Amino acid sequence: MAENKNNGWGGVCIGDECTGAEILMRALYTENVKTIFGYPGGNIMPVYDALYHRTRGKDAWFNHILVRHEQAAAHAAQGFARVSGEVGVAIVTSGPGATNTLTGVADAMMDSTPLVVIAGQVGVGALGTDAFQEVDLVGCAQPITKWAYQIRRPEDVAWAVSRAFYIARSGRPGPVVLDFPKNAQIHKCKWEPLKVDHVRSYVPYPKVDNDKIREAAALINSAKKPFALVGQGVELGEAQEELKAFLEKADIPCGRTLLGLSAFPADHPLDMGMLGMHGNYCTNMKTQECDVLIAIGMRFSDRITGLPSTYAKQAKIIHLDIDHAEINKNIKVDIPVLGDCKETLPAITALLDKNNHKEWIDSFAEYQKLEEEKVIEPDIHPTEGALLMGEVANVVSEVTNGEAVLVNDVGQNQMISSRYFKLNKKRSIVTSGGFGTMGFGLPAAVGATFGAPDRTVCFFCGDGGFQMSIQELGTIMEQQAPVKIILLNNNYLGNVRQWQDLMFDGRHSFTRMLNPDYSAVAKGYGIPYDVAIDRKDLRAKVEQMIATKGPYILECAIKEDEDIVPMTLPGKSVDEMQLELNY
């Protein structure tokens, strides 16, 4: 029997009886949760009633952010998690409320984002009767989560929540869904704190094989042309300094994946730029020239490898990853190094020779110069015509000194802002990588302002993705969330239009957009707004946006048929990357 004394639990003693909803509050408090994104409804009302008492007054435990759509709750929690390194939390109701979050849950699974979604459910006695707003949430969520569980009794709440957070944040992070029937919310039991730190058959941190460490180090020491691929696993493992020490000791150039862009500073001399379909020319070409390829916390996605059968065939490949399922999944590797890169990187570094690969590193310059002349300079310093996406991204990056958090939506705006936004601080990019979710960016940017309240959050979006979650301007209005929205308006679903031009003889099937008057939209939500049309005014307008306290919308009238280059076309090898597109 627990000792009957307060212990700081807001007037409810350990061992006293509480409702399941109140136990949920205590369990979340135990996990150090401070920010919750959500939307109330019928089958989660007991939880929201308990939350009412924990979000008011000087002793409030939580800050609850009311979103305008449940999908936005999941995306906002993702944005919060990405920049803070903490678990994002969303609370929604049953049925459509729960299913609305599943796009965000799947997105979090693909991009390894720690997320806990707590959804209401009909009472246990009504399960299976097609009751109002009933859905088999666990059945829906199991394929796209690390764990999905239905809490049927208040006695199981503390255990389930602790287990959920342990699974979500440990090893390779990911989403967990808890289905919370109404009877378990309102019935009572004795409150006992509980901490789960072990789950049978779940091994989040594989034991490091020292033989593989030695093999990897020996291969790197013998390399003449080593090249490292840096992924988000470095950020998730908080191994940014370990990566830097590793690369500097062996003098290894690196390329960064989209999700790994802020894992290594863009201004470091060993950084060669972004990998992938719209990455930098040199990183793709040199992948096909290196003799040792070291992949660190990345999964060899199709957007990185291009045609797998031709990918880095000349190289010996070392793969550092925490998830054994990623080893040899897409690309056959020579030396797998399982484990947390926070542990494996320094273990390898200790065995490395101090090296110098100046000739190899200098050889990247030829490709960099070619891209600079053909793509980058025309993109960021055009002299005539309509505004280009690249020059907007470059100006915003310069005005914020490379220190802002970059959030983007999906499409051309995502690729161009990621290419030209300089990221020199860790946990500085929030993007939908593997799932490519349009509408992700606006709520994710809201979440990022709460996860990193001391940083400037710049959100780039196209007119299509912006309208997919435009209702979240209501959340921004209510919270005065200081999101700097850079709306790249070209009146098209630009990325799809580009592919239609390339592969469908220019037939623009339903990709041209009829847009609203965004100045009127901004006025309706009480958000400061400006529009940039002439490039001579661009910098001053960006400076005004950044200097304005709170949220801001800067609409930029972009060239309608601008293409994103370089580009590796689908089904092509990475060294077939094109600096210009031939129609």
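The model shown is predicted, which means the values in this text are computed figures rather than measured ones. (Residues numbered from 1 in each chain as written. Predicted model: local features only at pLDDT ≥ 70, side-chain atom pairs only at ≥ 80, totals over all residues. Heavy atoms only, no water.)

## Some words on the overall build of the chain
Right, so step 1: Per the secondary structure count, the chain includes 24 helices and 20 strands.
Right, so step 2: Computed over its C-alpha atoms, the radius of gyration of the chain comes to 25 Å, within 12% of the 25 Å expected for a compact globule of 583 residues.
Right, so step 3: Here the C-alpha coordinates of the chain stretch approximately 70 × 65 × 45 Å along the principal axes.
Right, so step 4: Counting the 583 residues in the chain, one finds 59% classified as buried.
Right, so step 5: When the accessible area of the chain is evaluated, it comes to approximately 23,000 Å², of which 51% is carbon and sulfur surface.
Right, so step 6: Where the 57 positive side-chain charges of the chain centre and where its 72 negative ones centre are 4 Å apart. (Helix = DSSP H or I, 4+ residues; strand = E, 2+ residues; numbered from the N terminus. Rg over C-alpha atoms; globule rule 2.2 N^0.38 Å. Buried < 20%, exposed > 50% of the residue type's maximum accessible area, 1.4 Å probe, protein only. Areas by Shrake-Rupley, 256 points an atom, 1.4 Å probe, with all protein chains shown as cover. Lys, Arg positive; Asp, Glu negative; His and termini not counted. Charge placed at Lys NZ, Arg CZ, Asp CG, Glu CD.)

## Digging into the packing of aromatic side chains
Right, so step 1: This structure, assessed with the given rule, holds 14 aromatic pairs.
Right, so step 2: Both rings, one in W147 and one in Y149, keep their centres 5.1 Å apart while their planes meet at 20 degrees; by these two values the pair is stacked.
Right, so step 3: Accessibility expressed as a relative area gives 13% for W147, which makes it buried.
Right, so step 4: Residues F421 and F460 carry aromatic rings whose centres are separated by 5.9 Å and whose planes lie at 75 degrees to one another, so their mutual orientation is edge-to-face. In this pair, F421 is assigned in the loop between α18 (412-420) and β16 (429-430) and F460 in strand β17 (residues 457-462), connecting sequence segments 39 residues apart. With respect to class, F421 is no different from F460; both count as buried.
Right, so step 5: By way of ring pairs, the aromatic residues Y29, W61 and F62 are connected into one cluster. (Phe/Tyr/Trp six-rings, centres within 6.5 Å; stacked < 30°, edge-to-face > 60°.)

## A word on the pattern of salt bridges
Right, so step 1: This model, assessed by the stated rule, comprises 30 salt bridges.
Right, so step 2: A salt bridge links R427 to E238; the nearest nitrogen and oxygen atoms lie 3.1 Å apart. Of this pair, R427 sits in the loop between α18 and β16 while E238 sits in the loop between α10 (233-236) and α11 (240-250); the two residues are 189 residues apart in sequence, bridging distant segments of the chain.
Right, so step 3: Residue classification places E238 among the partly exposed positions, given a relative accessible area of 29%.
Right, so step 4: The residue K286 makes a salt bridge to E289 at a minimum N-O spacing of 2.8 Å. (Salt bridge = Lys/Arg side-chain N within 4 Å of Asp/Glu carboxyl O.)

## Describing the sheet that holds strand β3 (residues 63-66)
Right, so step 1: Across the sheet, 6 strands lie side by side as β3-β2-β4-β5-β7-β6; this open sheet has parallel pairing. Of all the strands in the sheet, just β3 and β6 (147-150) have a single pairing partner and so form its edges. With strand direction ignored, the average angle separating the axes of adjacent strands in the sheet is 20 degrees.
Right, so step 2: Sheet topology places strand β2 (residues 35-38) next to strand β4 (residues 88-92); 2 bridges connect them, and they run parallel. Bridging from a neighbouring strand, G38 pairs with I91 of β4.
Right, so step 3: Sitting on the sheet, helix α3 (residues 70-84) touches β2, β4 and β5 (115-121), and the angle it makes with β4 is about 165 degrees. (Pairing = 2+ DSSP bridges. Axes fitted to C-alpha atoms, helices over the stretch in contact; angles between N-to-C directions. Contact = heavy atoms within 4.5 Å.)

## Observations concerning the pairing of β3
Right, so step 1: Looking at chain direction, β2 and β3 are connected through 4 bridges and run parallel. Each residue of the ladder has a partner; that of T35, found in β3, is N63.

## A word on the nonpolar core
Right, so step 1: Ranked by internal contacts, the top residues of the largest apolar core, which has 97 residues, are F246, L293, I294, F300, I318 and F460.
Right, so step 2: The element contributing the most residues to this core is helix α17 (residues 389-399), with 6 residues.
Right, so step 3: Excluding residues that lie within four positions of it along the chain, F246 makes contacts with I220, I252, I294, I296, L345, I348, T349 and L352.
Right, so step 4: Listed in part, the 41 residues of the second largest apolar core include A27, F62, V89 and F180. (Core = buried A, V, L, I, M, F, W, Y, C linked by side-chain atoms within 4.5 Å.)

## What to know about the side chain of T101
Right, so step 1: Mapped onto the fold, T101 is located in the loop between α4 (96-100) and α5 (102-110).
Right, so step 2: Ignoring sequence-local partners within four residues, the contact set of T101 consists of E70, Q71, A74, V92 and V117.

## Some points on the sheet that holds strand β20 (residues 552-557)
Consider a sheet: its strands pair through backbone hydrogen bonds, and that pairing is either parallel or antiparallel.
Right, so step 1: The strand order β16-β15-β17-β18-β20-β19 describes an open sheet built from 6 strands, whose pairing is parallel. Of all strands in the sheet, those with a lone pairing partner are β16 and β19 (529-532), marking the two edges.
Right, so step 2: Across 4 bridges, strand β15 (residues 405-408) lies against β17 in parallel orientation. In the strand pairing of β17, N408 is matched with F460.
Right, so step 3: The strands touched by helix α19 (residues 441-451) are β15, β16, β17 and β18 (483-489); relative to β17, the strand with the most contacts, the crossing angle is about 180 degrees.
Right, so step 4: Those strands touched by helix α23 (residues 518-525) are β18, β19 and β20, and its axis lies near 160 degrees from that of β19.

## Remarks on unusual backbone geometry
Right, so step 1: At the junction of V565 and P566, the peptide bond is cis and its omega measures out at 0 degrees in the coordinates.
Right, so step 2: Structurally, P566 can be placed in the segment after β20.
Right, so step 3: Phi at S201 takes a positive value of approximately 75 degrees, unusual for a residue other than glycine.
Right, so step 4: Along the chain, the position of S201 falls in the loop between β8 (188-190) and α9 (210-222).
Right, so step 5: At N328, a position not held by glycine, the phi torsion is positive, near 65 degrees.
Right, so step 6: Within the element layout of this structure, N328 appears in the loop between β13 (316-321) and β14 (335-338).
Right, so step 7: What makes N328 partly exposed here is its relative accessible area of 35%.

## Let's talk about α18
Right, so step 1: In terms of burial, α18 is largely enclosed, as 9 of its 9 residues are buried.
Right, so step 2: When we look at burial in α18, the residues that qualify are Q412, N413, Q414, M415, I416, S417, S418, R419 and Y420.

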